[in-house]
Amino acid sequence: MIKIWSNTRLLWGLLILVGGLFLFNMFRHLSYPLLWNDEAETVMHGKRVLEYGYPKVFDGKNYVYPIYLPNQQGLAIDSTTNAYLGNAWAMFYWASIGVGLAEQTDDLYTKTLLLRLPFAIIGILGIFLLAWTMLPFFNTVTGRLRFMVLFMTMVLISVPLFLHLREVRYYSLVIFFGALILVVYTRYRFFKRMKDWQYALLLTLLLWLMFHVFNPVSFILMAAIGVFEGLTFINRLVLSAKTNMSPKGVMVRKFVVSVLPLVLAFGLTIPLLIWFKSFAVSEATFELYEREIDNFRKVYYWDHLQTLIVFFFKNDFGWIVLALKIMLGIVVYRQWKQGQLSGHPLRLSVFLSILLVVYSLIICTVPHYLYTRYFIWLLPLTYAMIAIDSYLLWQGIPRIFPEKARLYRRVMAGGLLLIFIASCLPKLPHFQGRLQEIATPFKGPLDELIPFIRENFDRPEDLVIATNYEECAYMYYLESKVTLGFILINVKEDLTIQPDIMVYRKGWDHPPKPFRDFLQKARYTRVSFPVKDYRFNNIPEINFVTPHLYRTVFTDDEQFKVDILLKVPPYQPE
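This text gives an overview of the structure that appears in the document. This is a predicted model, so every value here is computed, not measured. (Residues numbered from 1 in each chain as written. Predicted model: local features only at pLDDT ≥ 70, side-chain atom pairs only at ≥ 80, totals over all residues. Heavy atoms only, no water.)

### So, the pairing of strand S1 (residues 464–467)
Alright, step 1. Here S1 shows no split at all, with Val464 and Ala466 on one side and Ile465 and Thr467 on the other all buried.
Alright, step 2. Relative to strand S2 (residues 481–484), S1 runs parallel, the two sharing 4 bridges. Looking at S2, one finds that Thr467 is bridged to Leu484.
Alright, step 3. Handedness of the S1-helix H19 (residues 471–478)-S2 crossover: right-handed.
Alright, step 4. Two strands pair when backbone bridges link them, and S1 and strand S3 (residues 501–503) are joined in this way by 3 bridges, in the parallel orientation. The residue of S3 that forms the bridge with Ile465 is Ile501. (Buried < 20%, exposed > 50% of the residue type's maximum accessible area, 1.4 Å probe, protein only. Helix = DSSP H or I, 4+ residues; strand = E, 2+ residues; numbered from the N terminus. Pairing = 2+ DSSP bridges. Right-handed = clockwise from strand over helix to strand, strands pointing away.)

Shown next, in the form of structure tokens:
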């Protein structure tokens, strides 16, 4: 095994194989299924960006507003510009690229492919950029190849990561900009490859841009870098007191330069927090959940922390991280006792550990369900840390156990391999599901409903469609006027408009009364489809109450079929 692991040609071959499988996995059936709720909302705001220059909520025909705050409707809307303030905007501007490309075709699935393509590409670039960030910490070509093979292998078998990277949402952008921030920080912090002003300018700009991608990660990075720099500064002070090597003025200057971008970026984001009404929206969300869940403010944080820990130990490689940290702790302690403790890879491992801990502690403060998408960047970061810690162990064992290095390396490799296999066992259903999804494209309820409407109506843009979920998909694919929706943002006016089509998704407990009232005022005919009426057209979550589906679910039970109600006239069934 050790000889194989030292064969450069074989490592290159493995890397090319794993990289090729990674790309195949990313792009295979990227056009399926049609956009689900969150993706369609992103695309509609991307379309508004092309039309108005910013994500406008109401265009005179449809409302695009996904914030569910029943007691404070319209809270996340700018009163002057009618701009949407419920999410950062970077993903909407990025989505506009796909929207522009998709205008060149009328085929539903080609459109979907072109819409997802920019996000898949930037996600791939983010993964490779994160790997490239780590390469300077390895001194040899063999060491770099080992890192790349380990890192890309874990990426390849991470089903949750793949499902999120293929979404028309901000997840890929977080990974890309996060990697850019790490490039700037590590190149300056560990290798001094840029001047102080270049570092300050670039890091400030990137942290500010990250706010526009997903603002919690921007603050998490500020906090993690600040903690690492603070600990480094304290360590330098202690060493200086013992050795009298570095003047305190020099150390203070280095510390100030290192944290200056954090202060500048934080200052620049304060006006944005106010304009986006971030605190008001968070407080309104807390109040909503407090009404639905007893003592929500007291218990939610610990529930989130438990969700995060269980995810990493059940659905990811938490056990490998724990085993590596224990073994590495022993090796590092022995090296420290022998006065051999040094090297950038170890400091990088410490920084990544701090980043993972700080990220976990802060992200658990989100005032609602802790979706995997909120911490998806932790997955590739964890894989990078696993590869780096493995390298540190591999290099450290001969230094402290020179006579038994070969034996201990084999024990280490064998033990980690067993833990890796054990960690993969709970994931087998997801591996099998992903292979099924790669072989046969998945189709959800919208894949039946939207093509049906397009095929049976000459001008779907003139239709009024009432639905209780995934309303933005009808707005985008059909250009129809869509009423009611999940949020009920314009419910009073919507109730005065008799819809041509009604789609009531049974998985949601939104009040069916408006739909019953419409049925009292006009005659409708029901058309059902063999696909089960699942809550989502699909969702990337694998540990949710209604998780990602890997294969199309059919049913013969009329009660569970997805169906559509068509007004008579204008529709006349054959």
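Now that the structure has been shown, we can carry on.
### Considerations on the nonpolar core
Alright, step 1. Membership of the largest hydrophobic core comes to 193 residues, with the highest contact counts inside it found for Met134, Phe147, Phe151, Trp377, Ile453, Tyr474 and Ile564.
Alright, step 2. The greatest single-element share of this core, amounting to 16 residues, is contributed by helix H9 (residues 196–243).
Alright, step 3. If near-sequence neighbours (up to four positions away) are discounted, Ile564 is found in contact with Leu449, Phe452, Ile453, Ile501, Met502, Val503, Thr525, Arg526, Val527 and Phe529.
Alright, step 4. Core analysis: the second largest hydrophobic core is formed by 7 residues, Leu484, Phe515, Phe518 and Ala522 among them. (Core = buried A, V, L, I, M, F, W, Y, C linked by side-chain atoms within 4.5 Å. Contact = heavy atoms within 4.5 Å.)

### So, the pattern of salt bridges
Alright, step 1. Enumeration over the complete set of coordinates arrives at 18 salt bridges.
Alright, step 2. Asp38 is the partner of Arg373 in a salt bridge, and the nearest nitrogen-oxygen pair spans 3.8 Å. Remark: Asp38 occurs in helix H3 (residues 37–52) and Arg373 occurs in the loop between helix H14 (344–363) and helix H15 (378–400); sequence separation between them is 335 residues.
Alright, step 3. Accessibility expressed as a relative area gives 10% for Arg373, which makes it buried.
Alright, step 4. Note that Arg459 is salt-bridged to Asp462, the shortest N-O span being 2.5 Å. (Salt bridge = Lys/Arg side-chain N within 4 Å of Asp/Glu carboxyl O.)

### Re the environment of Arg347
Alright, step 1. With respect to the secondary-structure elements, Arg347 resides in helix H14.
Alright, step 2. Exposure remark for Arg347: the relative accessible area of 37% places this residue in the partly exposed category.
Alright, step 3. Here the alpha-carbon distance between Arg347 and Phe137, two residues 210 residues apart in the chain, equals 10.0 Å.
Alright, step 4. Contacts of Arg347, omitting those with residues within four sequence positions, involve Phe190 and Phe228.

### Things to note about the packing of H14 against H15
Alright, step 1. At a closest axis distance of 10 Å, the pairing of H14 and H15 adopts a crossing angle of 150°. The orientation of H14 with respect to H15, classified from their angle, is roughly antiparallel. For H14 against H15, the interelement crossing comes out left-handed. Two secondary-structure elements touch here, H14 through Pro345, Leu346, Leu348, Ser349, Leu352, Ser353, Leu355, Leu356, Tyr359 and Ser360 and H15 through Leu378, Leu381, Thr382, Met385, Ile388, Asp389, Tyr391 and Leu392.
Alright, step 2. Looking at the contact of H14 with H15 residue by residue, the class counts come to 13 nonpolar, 4 polar and 1 charged. (Axes fitted to C-alpha atoms, helices over the stretch in contact; angles between N-to-C directions. Parallel < 35°, antiparallel > 145°, perpendicular 65-115°, else oblique. Left-handed = near helix turned anticlockwise from the far one by under 90°. Nonpolar A, V, L, I, M, F, W, Y, C, P; charged D, E, K, R; others polar.)

### Structural notes on empty space enclosed by the protein
Alright, step 1. Tallied over the entire structure, the rule returns 6 cavities of 30 Å³ or more.
Alright, step 2. Taken as a whole, the largest cavity holds about 210 Å³ of empty space.
Alright, step 3. Along the walls of the largest cavity sit 21 residues, with Tyr32, Pro33, Arg166, Glu167 and His548 positioned nearest its centre.
Alright, step 4. Residues that form the lining of the largest cavity fall into these classes: 10 nonpolar, 4 polar and 7 charged.
Alright, step 5. In this structure, the second largest cavity encloses a volume near 130 Å³.
Alright, step 6. Taken together, 17 residues line the second largest cavity, and the ones lying closest to its centre are Tyr63, Met475, Val482, Leu484 and Ile489. (1 Å grid on protein atoms, 1.4 Å probe; cavity = no way out; pocket = protein on both sides within 12 Å on 5 of 7 lines; lining within 4 Å. Points joined across faces, edges and corners; volume = space filled by probe spheres on them.)

### Regarding a nonpolar patch on the surface
Alright, step 1. There is a patch of nonpolar side chains on the surface, built from Leu23, Phe27, Ile121, Leu125 and Phe128 and spanning about 390 Å² of accessible area.
Alright, step 2. Counting only elements with at least two residues in the nonpolar patch, the list comes to helix H2 (8–27) and helix H5 (108–134).
Alright, step 3. The element that contributes the greatest number of residues to the nonpolar patch is H5, accounting for 3 residues.
Alright, step 4. Here Phe128 is to be found in helix H5.
Alright, step 5. Accessibility expressed as a relative area gives 32% for Phe128, which makes it partly exposed. (Patch = residues over 30% accessible without salt bridge, like charges linked within 9 Å, V, L, I, M, F, W, Y side chains within 5 Å. Areas by Shrake-Rupley, 256 points an atom, 1.4 Å probe, with all protein chains shown as cover.)

### Section: helix H10 (residues 248–275)
Alright, step 1. Taking 1.5 Å of rise per residue, the 28 residues of H10 would be expected to cover 40 Å, and the 41 Å separating its terminal C-alpha atoms lies within 8% of that figure.
Alright, step 2. Considering bend angle alone, the principal kink of H10 is centred on Val259 and spans about 40°; proline Pro261 follows within four residues of it.
Alright, step 3. Buried within H10 we find Met251, Val257, Ser258, Val259, Pro261, Leu262, Ala265, Thr269, Leu272 and Leu273.
Alright, step 4. At the C-terminal side of H10, Lys277 shows a positive phi close to 55°. (Expected span 1.5 Å × (residues − 1). Bend = angle between axes of the 7 residues up to and from the residue.)

### Things to note about the packing of H3 against helix H4 (residues 90–102)
Alright, step 1. Where H3 meets H4, the closest approach of the two axes is 7 Å, and the angle between their N-to-C directions is 80°. Between H3 and H4, the interaxial angle falls into the category roughly perpendicular. Counted together, Glu41, Thr42, Val43, His45, Gly46, Lys47, Val49 and Leu50 of H3 and Met91, Phe92, Tyr93, Ala95, Ser96, Val99 and Gly100 of H4 form the full contact between these two elements.

### Topic: the packing of aromatic side chains
Alright, step 1. Under the criterion given, the structure shown has 53 aromatic pairs.
Alright, step 2. Residues Tyr65 and Tyr84 carry aromatic rings whose centres are separated by 5.9 Å and whose planes lie at 85° to one another, so their mutual orientation is edge-to-face. One end of the pair, Tyr65, is in the loop between H3 and H4; the other, Tyr84, is in the loop between H3 and H4, and 19 residues separate them in sequence.
Alright, step 3. Classification of Tyr84 by relative accessible area gives buried; the value is 0%.
Alright, step 4. When the ring of Tyr301 is compared with that of Trp302, the centres are 5.3 Å apart and the planes differ by 90°; the resulting orientation is edge-to-face.
Alright, step 5. Between the NZ or CZ atom of Lys56 and the centre of the ring of Tyr52, over which it lies, the distance is 4.6 Å.
Alright, step 6. Over the ring of Tyr371 we find Arg373; its NZ or CZ atom is 3.9 Å from the centre of that ring. (Phe/Tyr/Trp six-rings, centres within 6.5 Å; stacked < 30°, edge-to-face > 60°. Lys NZ or Arg CZ within 6 Å of the ring centre and 35° of its normal.)

### Some details on the sheet that holds strand S4 (residues 524–532)
Alright, step 1. Reading across the sheet, the 5 strands line up as S2-S1-S3-S5-S4 and stay open at both edges, with mixed pairing between neighbours. Each edge of the sheet is formed by a strand with only one pairing partner; in this case those strands are S2 and S4. In this sheet, neighbouring strand axes are inclined to one another by 25° on average, regardless of whether the strands run parallel or antiparallel.
Alright, step 2. Helix H18 (residues 446–456) rests against S1, S3, S4 and strand S5 (561–567) of the sheet, and its axis sits at about 25° to S5.

### Quick word on unusual backbone geometry
With the exception of glycine, the majority of residues adopt a negative phi angle, and the majority of peptide bonds are in the trans configuration.
Alright, step 1. The omega torsion across Tyr32 and Pro33 is -15°, close enough to zero to call that bond cis.
Alright, step 2. Considering the arrangement of structural elements, one finds Pro33 in the loop between H2 and H3.
Alright, step 3. The phi dihedral of His29 falls on the positive side, at around 55°, and the residue is not glycine.
Alright, step 4. Tracing the backbone through its elements, the reader meets His29 in the loop between H2 and H3.
Alright, step 5. Among the residues examined, His29 registers a relative accessible area of 16% and is labelled buried.
Alright, step 6. Positive phi values are uncommon outside glycine, yet Glu470 reaches one of about 55°.
Alright, step 7. As for its placement among the helices and strands, Glu470 is situated in the loop between S1 and H19.

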